[in-house]
Number of protein chains: 4
Amino acid sequence: MTPLALRDFEAEARRRLDPAIWDYYAGGADDEVTVRANTSAYARIGLVPRVLRGAFHRQLAVDVLGHRLSMPILAAPTAFHLLAHPDGEKGSARAVAAAGSLSIISMAATTAVEEITAAGRSANPDAAFWFQLYLQPDLAYSQAVIERAEAAGCSALVVTVDSPVYGNRERDRRNGFLDLPGLLVAENTREPLPTGEWGNPRSIGFTGDLSWDHLAWLRTATSLPVVLKGITHPEDARLAVENGVAAIVVSNHGGRQLDTVPATIDLLPAIAEAVDGRVPVVLDGGIRRGTDVLKALAFGATAVALGRPIIWGLAAGGEQGVGDVLSILRTELDRAMALCGCSSVLEVSRELVRPAPEESWSRL
Amino acid sequence: MTPLALRDFEAEARRRLDPAIWDYYAGGADDEVTVRANTSAYARIGLVPRVLRGAFHRQLAVDVLGHRLSMPILAAPTAFHLLAHPDGEKGSARAVAAAGSLSIISMAATTAVEEITAAGRSANPDAAFWFQLYLQPDLAYSQAVIERAEAAGCSALVVTVDSPVYGNRERDRRNGFLDLPGLLVAENTREPLPTGEWGNPRSIGFTGDLSWDHLAWLRTATSLPVVLKGITHPEDARLAVENGVAAIVVSNHGGRQLDTVPATIDLLPAIAEAVDGRVPVVLDGGIRRGTDVLKALAFGATAVALGRPIIWGLAAGGEQGVGDVLSILRTELDRAMALCGCSSVLEVSRELVRPAPEESWSRL
Amino acid sequence: MTPLALRDFEAEARRRLDPAIWDYYAGGADDEVTVRANTSAYARIGLVPRVLRGAFHRQLAVDVLGHRLSMPILAAPTAFHLLAHPDGEKGSARAVAAAGSLSIISMAATTAVEEITAAGRSANPDAAFWFQLYLQPDLAYSQAVIERAEAAGCSALVVTVDSPVYGNRERDRRNGFLDLPGLLVAENTREPLPTGEWGNPRSIGFTGDLSWDHLAWLRTATSLPVVLKGITHPEDARLAVENGVAAIVVSNHGGRQLDTVPATIDLLPAIAEAVDGRVPVVLDGGIRRGTDVLKALAFGATAVALGRPIIWGLAAGGEQGVGDVLSILRTELDRAMALCGCSSVLEVSRELVRPAPEESWSRL
Amino acid sequence: MTPLALRDFEAEARRRLDPAIWDYYAGGADDEVTVRANTSAYARIGLVPRVLRGAFHRQLAVDVLGHRLSMPILAAPTAFHLLAHPDGEKGSARAVAAAGSLSIISMAATTAVEEITAAGRSANPDAAFWFQLYLQPDLAYSQAVIERAEAAGCSALVVTVDSPVYGNRERDRRNGFLDLPGLLVAENTREPLPTGEWGNPRSIGFTGDLSWDHLAWLRTATSLPVVLKGITHPEDARLAVENGVAAIVVSNHGGRQLDTVPATIDLLPAIAEAVDGRVPVVLDGGIRRGTDVLKALAFGATAVALGRPIIWGLAAGGEQGVGDVLSILRTELDRAMALCGCSSVLEVSRELVRPAPEESWSRL
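Residues numbered from 1 in each chain as written. Chains lettered and ligands numbered in written order. Predicted model: local features only at pLDDT ≥ 70, side-chain atom pairs only at ≥ 80, totals over all residues. Heavy atoms only, no water.

**Some details on the overall build of chain A**
So, point 1. Along the backbone of chain A there are 13 helices and 14 strands.
So, point 2. Taken along its principal axes, the extent of the C-alpha atoms in chain A is 65 × 50 × 45 Å.
So, point 3. Evaluated residue by residue, chain A yields a buried proportion of 68% over its 364 residues.
So, point 4. Across chain A, the fraction of contacts at a sequence separation of at least 24, relative to all contacts at a separation of at least 6, is 76%.
So, point 5. Surface accessibility of chain A: about 12,000 Å² in total, with carbon and sulfur atoms responsible for 51%.
So, point 6. Chain A carries 34 positive and 43 negative side-chain charges, and their two centres are separated by 6 Å. (Helix = DSSP H or I, 4+ residues; strand = E, 2+ residues; numbered from the N terminus. Buried < 20%, exposed > 50% of the residue type's maximum accessible area, 1.4 Å probe, protein only. Contact = heavy atoms within 4.5 Å. Areas by Shrake-Rupley, 256 points an atom, 1.4 Å probe, with all protein chains shown as cover. Lys, Arg positive; Asp, Glu negative; His and termini not counted. Charge placed at Lys NZ, Arg CZ, Asp CG, Glu CD.)

Written out as structure tokens, the structure reads:
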């Protein structure tokens, strides 16, 4: 059956993948309350469309940190694409680039960043890439990784701030899935050699004392704009802006780090209020429909990032599957905008959403 | 078993209809959140009856745009009645007319409007009809359709404003149900011929740039009162009144256009407040019981319109089935009014309904 | 298995009764939303007990209209006890009287009121009885029924005000259960004969124009205190007090008349506020546990009335079963009071209940 | 399979225990609404973590009544450990002591208090113990029990105040599980003999008139600090502080005494506000995850107490199982603190929790 919706790709990916690999992608921390909340929250938020606004053509393009994207949907950093499909990160990068969107390359990619950006640019010479970094305790090594990403043409550094320690992924622990199988390695963790080549991979470590001081250090380490990923508290959003970050990603890490964090869409309004338009706000977590994207925009997001759905597309159909996922979501967003009377993403305003009762909870 | 409630007709229709046709009627957009919400919302709204008010006789009749209807229940426009039963639109029109009610004839009817109104008037010479219009990009053609409806004796034009594009009906796409089967055509989409006859049918198109300007054009095209169907936002209700519409239909298109729009009954209070009695407000979506009708009246509706239940009655028993559906609902409304101490629909007031917590959400 | 809780009697009654008879007792109007709400509401209301209050002995007795009852629990009027068990109304009356409580005798009893009161007094000479009346359109006949109840020793008239018409009991209609089977008749509907004897039974009719004028007529027809049963709206409670009623019964007729009326426990706070202690307030509907009784008292009820549980006890064990039901509930209430630090029902105060969010809805 | 979470121990315990014994531990009063609420409440409370706070090392230790505990988790008093495993109370005491935590020894222990404290101290010489007391109507006997606990080295008396009568445990009544089977006795209920030895056990009685006067008596009977266990009402918390108690335990007795008491975590905020930091507040009920502990701390608890999970660990693996339960929960709390940016339990503040809508209910 031709997949019509993102959920069809999910079902197909589940059919195709080894159960332990499926669990790696699908699972979350502890009891997976947050995993479920991220998606279920959207049905509680009503859309109240405007009519007769003549929205014949919809302008979906957005500008994010100087990049013109064809739609307010980008690819969140997700690990280990070669586990999902032989096309791996190169396949997804090509599909995302071809869609006119931006990939955030995961530090835990199973393909070298240079190959990913090259693949993406082969599909679209203007394609943009950001690099997701788990800042490592060994700062010199972190510096080398950053410089590698810069050299590969990444235009921003997305620093994950929600992971001073690793989340409790019980599915993986039960499956004994604790390491990359076979010959796969996290290519971008390779040791920098004095020769300028890359040696053996390191394990990704966590920086338990990750702090705003590290952000200061990052400024000395790179001139790239720094994006913080994993902001959920409005006070941290405020601090991030005051500390000069270029953008923030509202994320609970897909429910994989701390369980019972509210759905990101429920957290968004308070964060958007705290940021007050000073920097772009990207939301990830739970996006499955065009109406989900529209709700995120209405609550103040600049764009959303897709995590698991990219993996589903890749697992179901390689590069083409990722392309189909993006194409379906674009079509759905476009249709939702038309039905809400919005000619451009800038017209997607708060009046279109009926807040769920939970929204008031997000006023901390 | 003799059907006792509208749900019995639903079950019988499901038994009788080809699954793809059943799905066409039953389905909605995307994940059908709104389809379910429309009906489930009613159980959350409490009725708190008044007693000892001596409501021995109940006056159910209402006046809507100059028509005296025997009850505040009319037939919403639904497509393709010949798919449900050979009696088709003529059967439903006769049943609705015999019940002293009003049919809104769908532009997507499988019977010509002249035949429908004639059938209705054969059952009740005073029967009234409104014509539902998807305004077509080709205005001359739209004009011809309008004139045809006028000539057939329709007394108002019900312009659907929630469909600048077509909703994502995944059931139909999965079933491959994308066109009328067999020899059926949407009769009222036939090409006007220079001879005054009607030629081949056109596909119904959508006017992506539908706007208030089209409403202005409509005034030049017809002297019929114009009703807007598909209003869900109170601000649009306000604009509609200011732009001189004769009535509005609060509708989310039965959940078939944009998913996650709240239940119409939850949207009604804010709209009724915006309209403030200046024009009649008709609600469609989810009406299954007499108490549902009473709640809509209590929240400010002038009348409700029945969509799927008319189809169920038709599928289950042709003209007679539609008549039974209307008769059961009338009896239920009458009983509910008696039990709430209301001698007339004008006495159905806000004090009878205990707002669900969601109502406060509808204050946008 | 020895029944430990009222729910055990329910299960046993269901096992023993003919399905159509079970349905007659268990069913309600339309979709039975209210039937379910009446019981499920209690779990949403939290008890927050007080401790260290030395409530060694609990005084459960209450005074209602001059009668001293051993506990704030009385028997609601329920019809057709001989359908449930050969002990019939005499059995239940004996059990209720033996428990030191009060029976409200149903006009639809299958036993003559004189026999019921005599049976009750054989178990407890001080037993009190009220008579439930469906005021009949034929006032002379109503008068005769009232005088019969007076003569039989009933000390109050409980006029059902929620039934100007009959509710839509779909279970009964589906079962064809529309009349008393066999030789059973509603004994208290017998025609008064000029001889002073009682002739053929009449069908119970409904007074569609029942109004406050009838209440005025009742004052001329009897000197008994008049209790109104079926009050759910605080405004009607206010009117009832102003019109001199002796007490009110907050009841939605066990969900059998108008569907989607809120649970009586959710309606109680607003009614208690309207009555403001001027007359006793009895609540029926959904009482299954001692904590339910305590919550009703905390929200302002003087006592509660048991409907279906009496039938369950009767069906499961005749007179003895009714006695067991009352005894279990008394024990549960006593325990709940002890655990809440209440030495008497008068100490059961509002501070013990944590209002459910719905309570605010009841402020109409 | 290696147990990874407390729920794994629950499953294992259920597999191993005789169903009636399982029911004794798992069951609660009446319909067990409170049993379920205690655990399910946590998923409704959102955690909104702070980031970039450099919480490399987490200080989990807390001081409670002069004892330094290695973590804010202690063992609630639970009865009859020898029913769960031959290691019995000695096994659990050793495990708790080895974990650097504190056991509240149940008066209904199946092991003598002297043996329990000795066992605990064999594992950790600094181990602390409190003794849970059901104050008995016979005060002289109560005095003897208290002195025995003092002599055994207990450093506080935890008086259960929620049990003036015994809760309605229907599972036990259905199972006929009304007494300790075999040769087991509640060792600490033995009669004090003039010889200074201990005679036959007494049944634990309840003091129906338990009151603040008994608290005054306790001061004369012991110099140990007195802790009240079973406080749920903020007004009682206030009184407790004013009456000089050393600490309170917010507890609904695991749902075993009065049904429909709200979850303890929902009751906590109002109590913490009433106590206002004047004495330590311990919460028991429903703790299953490290995030649960963190939420309790954030709402104002000083520590939490574990009831059923200790039993599960004991049943599943004896002393070792209890140790594993404590170790897993410590690890989970430590991880949750790291992920919330807390370097010490003192930094776990209110801003981390998003109150559930129910919290407002707790303002009585």
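**Some details on the pairing of strand β9 (residues 198-201) of chain C**
Residue and element names in this part refer to chain C.
So, point 1. Here strand β8 (residues 190-192) pairs with β9 via 2 bridges, running antiparallel. Paired with Pro192 across the two strands is Trp198, which belongs to β9.
So, point 2. Linking two consecutive strands that pair antiparallel, namely β8 and β9, is a turn of 5 residues; a positive phi of about 90° is found at Gly196 within it. (Pairing = 2+ DSSP bridges.)

**Considerations on helix α2 (residues 19-26) of chain D**
Residue and element names in this part refer to chain D.
So, point 1. The buried fraction of α2 amounts to 7 of the 8 residues, a majority that puts the element mostly inside the structure.
So, point 2. Considered for burial, the residues of α2 that qualify are Ala20, Ile21, Trp22, Asp23, Tyr24, Tyr25 and Ala26.
So, point 3. Each element contacted by the buried residues of α2 is listed here: α1 (6-16), α3 (33-40), α4 (81-84), α8 (170-175) and α13 (308-339).

**Some thoughts on the relation of the copies chain A and chain B**
So, point 1. Structural alignment of chain A on chain B gives an RMSD of 0.0 Å, achieved by rotating through 90° and translating 0.0 Å along the axis. Here the symmetry operator amounts to a four-fold rotation axis. (Least-squares fit on C-alpha atoms with pLDDT ≥ 70 in both.)

**Brief notes about the arrangement of the chains**
So, point 1. No part of chain A reaches chain C; the closest C-alpha pair between them is 12 Å apart.
So, point 2. As for chain D relative to chain B, no contact occurs, and the smallest C-alpha gap between them is 12 Å.

**Quick notes on the environment of Glu32 of chain A**
Residue and element names in this part refer to chain A.
So, point 1. Along the chain, the position of Glu32 falls in the loop between α2 (19-26) and α3 (33-40).
So, point 2. Owing to a relative accessible area of 12%, Glu32 belongs among the buried residues under this scheme.
So, point 3. Taking the C-alpha atoms as reference points, Glu32 and Phe131, separated by 99 residues in sequence, lie 27 Å from one another.
So, point 4. Discounting chain neighbours no more than four positions away, the residues touching Glu32 are Gly27, Arg171 and Asp259.

**Observations regarding the interface of chain A and chain B**
So, point 1. Counting residues at the interface gives 33 residues for chain A and 39 residues for chain B.
So, point 2. In total, about 3,000 Å² of surface goes out of reach between chain A and chain B, with carbon and sulfur atoms giving 61% of it.
So, point 3. The interface formed by chain A and chain B includes 6 salt bridges.
So, point 4. Salt-bridge contacts for Arg289 of chain A lead to Asp30 of chain B; the nearest nitrogen and oxygen are separated by 3.8 Å. (Buried area = accessible area lost by both parts, 1.4 Å probe. Salt bridge = Lys/Arg side-chain N within 4 Å of Asp/Glu carboxyl O.)

**Topic: the nonpolar core**
So, point 1. Residues Phe131, Leu218, Leu228 and Ile265 of chain A are the most contacted members of the largest nonpolar core, which totals 132 residues.
So, point 2. The dominant element in this core, judged by the number of residues it contributes, is helix α13 (residues 308-339) of chain A, at 16 residues. (Core = buried A, V, L, I, M, F, W, Y, C linked by side-chain atoms within 4.5 Å.)

**As for α13 of chain D**
Residue and element names in this part refer to chain D.
So, point 1. Taking 1.5 Å of rise per residue, 32 residues should cover 46 Å, yet α13 covers just 27 Å from first to last C-alpha, more than 12% shy of that figure.
So, point 2. At Gly317, α13 shows its maximal bend, which comes to roughly 140°.
So, point 3. With 23 of 32 residues buried, α13 lies mostly within the body of the structure.
So, point 4. Phi for Gly341, located one or two positions after α13, is positive at around 75°. (Expected span 1.5 Å × (residues − 1). Bend = angle between axes of the 7 residues up to and from the residue.)

**Considerations on unusual backbone geometry**
So, point 1. With a phi angle near 60°, Glu32 of chain B is a residue other than glycine that sits in the positive phi range.
So, point 2. One non-glycine residue, Leu52 of chain D, lies in positive phi territory at about 60°.
So, point 3. Within the secondary structure, Leu52 of chain D is located in the loop between β1 (46-47) and β2 (62-64).

**Here's the deal with the side chain of Thr110 of chain C**
Residues and elements named next belong to chain C.
So, point 1. Summarising the element assignment, Thr110 is placed in the loop between β5 (102-105) and α6 (113-123).
So, point 2. Among the residues examined, Thr110 registers a relative accessible area of 5% and is labelled buried.
So, point 3. Here the side chain of Thr110 touches His81 through a polar contact of 3.5 Å, landing on its backbone nitrogen.
So, point 4. Setting aside its immediate chain neighbours within four residues, Thr110 contacts Phe80, His81, Leu82, Glu89, Leu180, Leu184, Val185 and Glu187. (Polar contact = N/O pair within 3.5 Å; in protein donor to acceptor, adjacent residues only side chain to side chain.)

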